[in-house]
Amino acid sequence: MVQDGRPRILLTGTPNSGKTTLFNRLTGLNHQTANFPGVTTAVAEGRVRLMSKDGVPWDVACLDLPGIYSLYPDTPDEEEAVRCLRHALALPGPQCVVFVADPTTPQRTLHLLQHLLRYVHIHLVVFNFWDVAEKEGIRFDEKAFRALFGDALRIAFHNPRNHVHLRQIRKALAEALEDGTAERSHPLLHGFSKPSPDVRISQSTRDFNLFQEPAQRIFRRTLPGESAPVSRLDRILLHPVWGTLLFITSLFLIFQAIFSWSTYPMAAIEWAFRHLGLWLRGTMPPGALSDLVSDGLVQGLSGIFVFVPQIAFLLLFIAGMEESGYMARAVALMDRLMRRFGLSGRSVVPLLGGAACAVPSILATRAIPHPTRRLITLLVIPLMSCSARLPVYTMLIGLLFPQQTYWGLDVRGLALMGMYVAGFGLAVGAAFLLSRVLPGAGRDYLIMSLPHLQRPKIGVVLAKTWNGLKGFIIGAGKIILLISIILWGLMRYGPGTSDPSGPAVLNLRPVEAVDQSWAAFLGRAIEPAIEPMGGDWRIGIAIISSFAAREVFSGTLATLFPPPPGVGLRAHLGDLRYPDGRRVFSAPACIALLIFYALALQCMSTVATVYHETRSLRWPLLQFLTLSLCAWVAAVAAYQLSKGLIDF
C-alpha cells in the first residue's frame, strides 16, 4: 500500500455497494467485480489524475477497501479493511475518505454511514446505482439528509453503466482533497473498545431499527417496490422449485453451447498449428532446433490453444451471469442446499467461484467469520471443476463419446455438465464429512443483499472474459513452454552405456526410437502405478507433468503422441493401439482418467494459497496427499470394474 505523502482516496462502504466498479472508473483499471459479496478480499491500489482549483494536475493514489458492515470486524477481509483504513488515515499527506452508498438499501446504508462518522471523517458520499434508484421510483431528499448528517458532507451521484456523473465525482474529490489537507481528527486512530458480541448485536439491531423512519424520509419511494417487475421476477428466480429448475437449465444450455459453438474455432486452430508445424519443418534446416520447434513447442502449444474457444465461452457465460445479477440469485438459491450439508451460507460464493479458479476462491473464504467453516470450505474448493480441468475433460470426453445428438442435445455437452455437477457433489460431500470430524464446526448463515437485475453491459462482459482468458493463456503458456522443452529433450535423448552390463549414463546422442529415451526410462519407473488404471508409461508422463498445471496434460499428449500430417490430435489419439490391438485411450481408460483428474489436486498455486491462508504446512500437505491418493484409488477401481463391462 502507498507509504509516502502522496494524496490518496480511500473507498469504503458495504459489500456489494459498487466500490470496485467506481474504482475501475476512476483509475482506468479492470479489477474483478461481481454482484455478490466476497469478491474484493484484499486492498486494490490504482492512480487517479485530478485537476486542482489552479489547474495543476494531481497524481492521486486510490485504494479500494473490502466491504464492511461495521468497524467491529468479524471476518478476515473486514479485519484487513479496518487495518488498512487505520493505516492509511495515519499516513501524512492530503486524503479523502469516500463512502460509496447504495440508495436502494437505504436503511443499511444510513446505519453504516452513521457508525463510520463516529470514528472517521468522511469527505464525500457517492450514491451509486442512481439509474436503478430512479427506475425504482426513489427520490433523494437532500434537506432531510442534511438535517440528519449536517452540511459538511459532500454528495455526488454515480451511474455505473455510463460516465455521466464521473466529472462531478472527480471535481468533488479534488475539492475534498484540497479542503481536507489539514484534517487529521479521526477517532479511529486513537482506538476504541470493541463491545462483546451480544452487546454489539443488540446495539446494531437497535441502531438499525432507528434508521427505518429516516430512511423513508430521505429516500422516498414513489413506486411500490413489490409491484416492480424485478420483484416479480425474483419470486421465480428464488423459488425453491422453479428457481432451481431455471438454474439447472441455464447450466445445461451453457455446457451444450461450449461443445456446439466451439467446434469450428477448434478445427481452425488445429488446422493453423498443423500447417505451422509443417511450414517450420520445411523452412528450418534439419537438426535438433527444427525438431524442438516443430515437434516440441508447436505440438505442445497446439494441445492447449485448441481448447481456448471452449474456455472463452465458459468465461463469457460466467461473466454474463455475474454482470446481470443472476449469479447472486444462484448463490442465495444454493445457500438453502449448503446448510443441509453443514456448510456456511457464505461458502456458496467461494465454491461457485471454484468453477473458474481455485486460487481467488480460496482468498474469498476470508468473508467466512467462523474459522472451522472457513477451513472446511478452502479444503474442499479444489474438488470443484475449475477452468484448468476443462481442456482435460473435453479431450477425454471427446475420446469417450462420438459426436452424437439426441433430440438436439449433444451427448458430450451432457457428459461435461455431469463432470461439473460431480465436482460440486464431491465438494459438498467432503464438506459434510469434514463438518462431522473437525471440532467446533457449528452453523453459519449467508447475509447478503441481492443486487439489481440488469442487462449485462457487453464491454464489461468481454473485458472480464478477456482478462480470464489472458490469464489462462499466459499462465498455462509459460508452463507448457518449459515442459515442452524438457519433454522434447527427454524424448530425444536416452540412457546409454559403453558397457551393456554397467549403469546407465547420460547419452547426448539422439535415440533411434522414443521407447529408448529418458522419458521412457523414467516413465517405466512409474508405470506399475499407472498400469492398474489403464495407462502405460506415456500416460504416466502426461499425468506427472500435469501436476505443475492440469492444462499441461493435453499439450504433453500432443508431444508424446505427435499426429501425422493432416490428422487432428483427437482423431489420432482415438486410433492409437497397443501391439496387442487394444486401444490406448479405451473407454475404461478414459473413465479412469476423468475420475483421476476430478479428484487430484494438481495445482501448485492452490497448494501455496492454502498454505498462505492457513499459515501451516499441515493442511496443504494433508489436502494434497489425501486428494492424490483418493484420485489414484478411485481411478484404479473405475478401470478394473469397467474394463470387463465396456467394449474397448
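All residue numbers refer to position in the chain's written sequence, counted from 1. The predicted nature of this model means local features are confined to residues of pLDDT at least 70 and side-chain atom pairs, given and counted, to a pLDDT of 80 or more, with totals for whole chains, interfaces and linings taken over all residues. Only hydrogens and water are set aside when side-chain values are computed; all heavy atoms of the structure are taken into account.

Student: Can you walk me through the overall build of the protein in this structure?
Tutor: Starting at the N terminus, helices and strands are each numbered in turn, a helix being any DSSP run of H or I of at least four residues and a strand any DSSP run of E of at least two. Counting secondary structure elements, the protein contains 27 helices and 12 strands. Relative accessibility decides the category of a residue: with a 1.4 Å probe and only protein chains considered, values under 20% of the type maximum give buried, values over 50% give exposed, and everything between is partly exposed. By residue count, 54% of the 648 residues in the protein fall in the buried class. Only heavy atoms enter the contact rule, under which two residues are in contact if any of them lie within 4.5 Å. Within the protein, contacts between residues separated by at least 24 positions form 74% of all contacts whose residues are at least 6 apart in sequence. Shrake-Rupley sampling with a 1.4 Å probe provides the accessible areas, and residues are treated as covered by the protein chains on show and by no other component. Counting only carbon and sulfur atoms, one obtains 64% of the accessible surface of the protein, whose full area is about 28,700 Å².

Student: Just checking my understanding: could you explain the nonpolar core for this structure?
Tutor: Within soluble globular proteins, side chains that are nonpolar tend to cluster in buried spots. Within the largest apolar cluster, 96 residues are counted, with the highest numbers of intra-cluster contacts made by Tyr393, Ile539, Ile543, Leu573, Phe585, Leu593 and Phe596. At 10 residues, helix 25 (residues 587–599) tops the list of elements feeding residues into this core. If sequence neighbours within four positions are ignored, Leu573 has contacts with Met395, Leu399, Leu557, Phe561 and Phe585. Here the nonpolar core consists of buried residues drawn from Ala, Val, Leu, Ile, Met, Phe, Trp, Tyr and Cys, with membership extended through side-chain atoms lying within 4.5 Å. Grouped together as the second largest cluster of nonpolar side chains are 39 residues, Leu112, Leu116, Ile122 and Ala215 included.

Student: Explain the packing of aromatic side chains to me, please; I cannot follow it from the model alone.
Tutor: Any pair of aromatic rings gets described here by the distance separating the centres and the angle formed by the planes. Two rings belonging to Phe, Tyr or Trp (six-membered ring only in the last case) form a pair when the distance between their centres is within 6.5 Å. Interplanar angles under 30 degrees mark stacking, angles over 60 mark edge-to-face geometry, and anything in between is tilted. Within the structure shown, the criterion is met by 15 aromatic pairs. Geometrically, the ring pair formed by Phe561 and Phe585 is edge-to-face, given 6.0 Å between the ring centres and 75 degrees between the ring planes. With Phe561 in the loop between helix 23 (552–560) and helix 24 (569–575) and Phe585 in the loop between helix 24 and helix 25, the pair connects residues that are 24 residues apart, well separated along the chain. For the pair Phe561 and Phe585, one class covers both residues: buried. Ring pairing ties together the aromatic residues Phe127, Trp130, Phe140, Phe145, Phe149, Phe157 and Phe219, which thus form one cluster.

Student: What is the right way to look at the state of the cysteines in this model?
Tutor: Among covalent bonds in proteins, the disulfide is the one between the sulfur atoms of two cysteines. Here, a disulfide means two cysteine sulfur atoms that sit within 2.5 Å of each other. Tallied over the full model, the rule gives 0 disulfides. Here Cys62 is not disulfide-linked; the sulfur of Cys96 is the nearest cysteine sulfur, at 9.4 Å.

Student: What's the story with helix 14 (residues 326–340) in this structure? I'm lost.
Tutor: One less than the residue count of a helix, multiplied by 1.5 Å, gives the span that helix is expected to have. Taking 1.5 Å per residue, 15 residues should reach 21 Å; helix 14 reaches 23 Å between its end C-alpha atoms and fits that length. Two axes are fitted around each residue, one to the seven residues ending there and one to the seven starting there, and the angle between them is reported as the bend at that residue. Its axis deflected by about 30 degrees at Met334, helix 14 carries its strongest bend there. Of the residues making up helix 14, those classed as buried are Tyr326, Met327, Ala328, Arg329, Ala330, Val331, Leu333, Met334, Asp335 and Met338.

Student: Could you clarify how one ought to interpret unusual backbone geometry in this entry?
Tutor: When glycine is set aside, most residues are seen to have a negative phi, and most peptide bonds are trans. Of note in this structure, Phe129 is not a glycine but carries a positive phi near 55 degrees. Looking at where Phe129 falls in the secondary structure, it is placed in the loop between strand 5 (124–127) and helix 4 (130–135). If you check the backbone angles, Arg615 has positive phi at about 55 degrees while not being a glycine. Checked against the element boundaries, Arg615 lands in the loop between helix 26 (604–614) and helix 27 (618–642). Residue class for Arg615 comes out exposed when judged on its relative accessible area of 65%.

Student: I would appreciate a short explanation of the pairing of strand 2 (residues 44–51) in the present structure.
Tutor: Looking along a regular strand, one sees the side chains alternate between the two faces of the sheet. Side chains Ala44, Gly46, Val48 and Leu50 of strand 2 all project onto a buried face; the interleaved residues Glu45, Arg47, Arg49 and Met51 project onto a face where none is buried. Two strands pair if DSSP finds at least two bridges between them. For strand 2 and strand 3 (residues 57–64), the ladder comprises 8 bridges, and the chain directions are antiparallel. Considered in strand 3, the bridge of Arg49 is made with Asp59. Linking two consecutive strands that pair antiparallel, namely strand 2 and strand 3, is a turn of 5 residues; a positive phi of about 80 degrees is found at Gly55 within it.

Student: Would you explain the pattern of salt bridges in this entry?
Tutor: Charged atoms that come close allow side chains of opposite charge to pair. A carboxyl oxygen of Asp or Glu within 4 Å of a side-chain nitrogen of Lys or Arg is what we treat as a salt bridge. Going through the model one piece at a time under the given rule, you end up with 6 salt bridges. Between Arg146 and Glu142 there is a salt bridge whose closest N-O contact spans 3.4 Å. A residue pair is termed a helical-turn pair when its members lie 3 or 4 positions apart in one helix, as Arg146 and Glu142 do in helix 5 (residues 142–149) at 4 residues. Taking relative accessible area as the criterion, Arg146 reaches 18% and is therefore assigned buried.

Student: When you look at the pairing of strand 1 (residues 8–13) in this model, what are you seeing that I'm missing?
Tutor: Burial within strand 1 is extensive, with 6 of its 6 residues counted as buried. With burial as the criterion, each face of strand 1 is covered, one bearing Arg8, Leu10 and Thr12 and the other bearing Ile9, Leu11 and Gly13. Of the strand pairs in this sheet, strand 1 and strand 4 (residues 95–101) are connected by 6 bridges, and their pairing is parallel. From the neighbouring strand, Thr12 faces strand 4, where its bridge partner is Phe99.

Student: Would you explain a nonpolar patch on the surface in this entry?
Tutor: A cluster of nonpolar side chains, contributed by Leu233, Ile236, Val241, Trp242, Leu245 and Leu246, occupies part of the molecular surface with about 550 Å² of accessible area. Elements with a minimum of two residues in the nonpolar patch: helix 9 (229–237) and helix 10 (242–261). With 3 residues, the top contributor of residues to the nonpolar patch is helix 10. Relative to the helices and strands, Ile236 resides in helix 9. Patch definition: residues with relative accessible area over 30% and no salt bridge; like charges joined within 9 Å; nonpolar side chains (Val, Leu, Ile, Met, Phe, Trp, Tyr) joined within 5 Å.

Student: When you look at the packing of helix 22 (residues 537–545) against helix 25 in this model, what are you seeing that I'm missing?
Tutor: Geometry of a packed helix pair, given as the angle between the helix axes and the separation of the axes. Axis lines are fitted through C-alpha atoms, for helices just across the contact stretch, and the angle between N-to-C directions can take any value from 0 to 180 degrees. Contact geometry of helix 22 with helix 25 gives a least axis separation of 12 Å together with a crossing angle of 20 degrees. The pairing of helix 22 with helix 25 is recorded here as roughly parallel in orientation. Once helix 22 is placed against helix 25, the crossing between them reads as right-handed. Of helix 25, the residues touching helix 22 (which contributes Ile539, Ala542 and Ile543) are Leu593, Phe596 and Tyr597. By the convention adopted, Pro, Cys, Tyr, Trp, Phe, Met, Ile, Leu, Val and Ala count as nonpolar, Lys, Arg, Asp and Glu as charged, and the other residues, Gly among them, as polar. In terms of residue class, the contact of helix 22 with helix 25 is made up of 6 nonpolar, no polar and no charged. Throughout, the term roughly parallel applies to angles under 35 degrees, roughly antiparallel to angles over 145, roughly perpendicular to angles from 65 to 115, and oblique to all others. Here is the rule for handedness: rotate from the far helix to the near one, and if that takes an anticlockwise turn smaller than a right angle the crossing is left-handed, while a clockwise turn gives right-handed.

None of this, on its own, says anything about what the molecule does.
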